[in-house]
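Letter by letter, the chains look like this.
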Amino acid sequence: MFHNIPQPIQTRMRFLEEIDARDRLDGTPRMQRLRQVPSQTGKFLALLAAAAPPGQFVEIGASAGYSTLWLALAARHLGRRITTFEVLPEKLALARETYAAAGVEDVVGLVGGDAREHLPRFGEIAFCFLDAEKEVYADCYELVVPRLVPGGLLAADNAINHRQTLQPLLDRSLQDTRVAALVVPIDNGVLLCRKN
Ligand SMILES: C[S@@+](CC[C@H](N)C(=O)[O-])C[C@H]1O[C@@H](n2cnc3c(N)ncnc32)[C@H](O)[C@@H]1O
């Protein structure tokens with residue numbers, strides 16, 4: 001999956017990594033930054049998604065589409081599709097540009113708007129990556145977990161660097177008998193839940 005990443009995907013990944021690194025250094029306001037996952041987390045997500053049971057992939061918080069590109073590697077490997085949600089119009093436009101430039105439009109469906117308004121109409125989910133504003137994590141968790149197929153995975157980023165804000169959700173998931181959960185200490189920390 002990682003040894004033969006198509007050139008257009010690699011090129012777009014490098015492009016977004018450069019923008020993200022520059023924005024973190026030059027004081028670009030938080031909401032304008034891409035705030036994407038580190039590449040190691042991207043690889044981890046792709047490996048997780050590739051191990052998910054049959055079914056669709058979902059991403060909540062596309063930004064410019066960097067993490068989607070990692071998930072697209074797994075989706076293509078397995079013949080699956082990803083639906084990704086993005087609420088900000090300017091990020092939506094960047095994500096659209098990313099998917100076209102990287103040539104992944106065949107496996108990625110981009111949906112504009114608040115994921116919480118769309119998820120109630122969603123069917124079964126095999127893998128979900130949650131990476132939105134931390135204030136919506138709890139709502140998204142409650143919408144996603146009932147929709148996960150048995151063995152389905154929910155991965156939520158920033159479980160360590162936003163631990164204080166996310167503590168109620170971490171407590172909820174660790175005590176939730178519907179899932180097996182733990183915090184994986186990779187980069188910013190990933191809360192990983194597997195549906196029983
Ligand atoms: C941390 S960034 C996502 C980074 C991206 N996953 C990556 O690694 O390339 C969070 C994104 O979630 C979006 N977002 C926040 N709340 C959302 C919601 N309720 N529904 C959909 N997108 C949301 C924000 O606009 C922002 O672009």
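### Some details on the nonpolar core
Nonpolar side chains in soluble globular proteins generally cluster together in the buried interior.
Consideration 1: Of all hydrophobic cores here, the largest spans 56 residues; its most connected members are L71 and L154.
Consideration 2: Element by element, the count of residues in this core is highest for helix α3 (residues 66-78), at eight residues.

### What about the site of the ligand?
Consideration 1: Near the ligand, the surroundings consist of 20 residues, among which Q36, G61, Y66, S67 and A132 are the closest.
Consideration 2: Here the shell around the ligand is built from residues that sort into nine nonpolar, four polar and seven charged.

### Comments concerning the environment of V107
Consideration 1: For V107, the location among the structural elements is in the loop between α4 (89-102) and β3 (108-112).
Consideration 2: The class for V107 is buried, based on 21 C-beta atoms found within 10 Å.
Consideration 3: Separated by 28 residues in the primary sequence, V107 and E135 place their C-alpha atoms 29 Å from one another.
Consideration 4: If we ignore the near neighbours within four places in the chain, the residues touching V107 are A72, A75, R76, R81 and I82.

### Thoughts on unusual backbone geometry
Consideration 1: In this model, S63 sits at a positive phi of 50 degrees, which is unusual for a non-glycine residue.
Consideration 2: By secondary structure assignment, the location of S63 is in the loop between β1 (56-60) and α3.
Consideration 3: Judged by the 25 C-beta atoms lying within 10 Å of it, S63 falls in the buried class.

### Let's talk about the pairing of strand β7 (residues 190-195)
Consideration 1: In this sheet, β7 lies alongside strand β5 (residues 148-157) in antiparallel orientation, the contact comprising five bridges. Among the inter-strand pairings, L154 is bridged to a residue of β7, identified as C193.
Consideration 2: Sheet topology note: the strand β6 (residues 179-184)/β7 ladder contains six bridges and is antiparallel. Among the inter-strand pairings, V184 is bridged to a residue of β7, identified as V190.

### Some details on helix α1 (residues 7-25)
Consideration 1: The first and last C-alpha atoms of α1 sit 27 Å apart over 19 residues, in line with the 27 Å expected at 1.5 Å per residue.
Consideration 2: Among all positions in α1, only R12, M13 and L16 are buried. Buried positions in α1, seen along its axis, are confined to an arc of 105 degrees and lie on one side of it. Structural note: α1 exposes Q7, Q10, R14, E18, A21, R22 and L25 on the side pointing more than 90 degrees away from its buried face.
Consideration 3: Contacts made by the buried residues of α1 are with α3 and α4.
Consideration 4: Immediately downstream of α1, the backbone of G27 shows phi near 80 degrees, a positive value.

Parameters at a glance
- Residues numbered from 1 in each chain as written.
- Predicted model: local features only at pLDDT ≥ 70, side-chain atom pairs only at ≥ 80, totals over all residues.
- Core = buried A, V, L, I, M, F, W, Y, C linked by C-beta atoms within 7 Å.
- Buried ≥ 20, exposed ≤ 12 C-beta atoms within 10 Å, placed from the backbone.
- Helix = DSSP H or I, 4+ residues; strand = E, 2+ residues; numbered from the N terminus.
- Near = placed C-beta within 6 Å.
- Nonpolar A, V, L, I, M, F, W, Y, C, P; charged D, E, K, R; others polar.
- Contact = placed C-beta atoms within 7 Å.
- Pairing = 2+ DSSP bridges.
- Expected span 1.5 Å × (residues − 1).
- Arc of directions from axis to C-beta.

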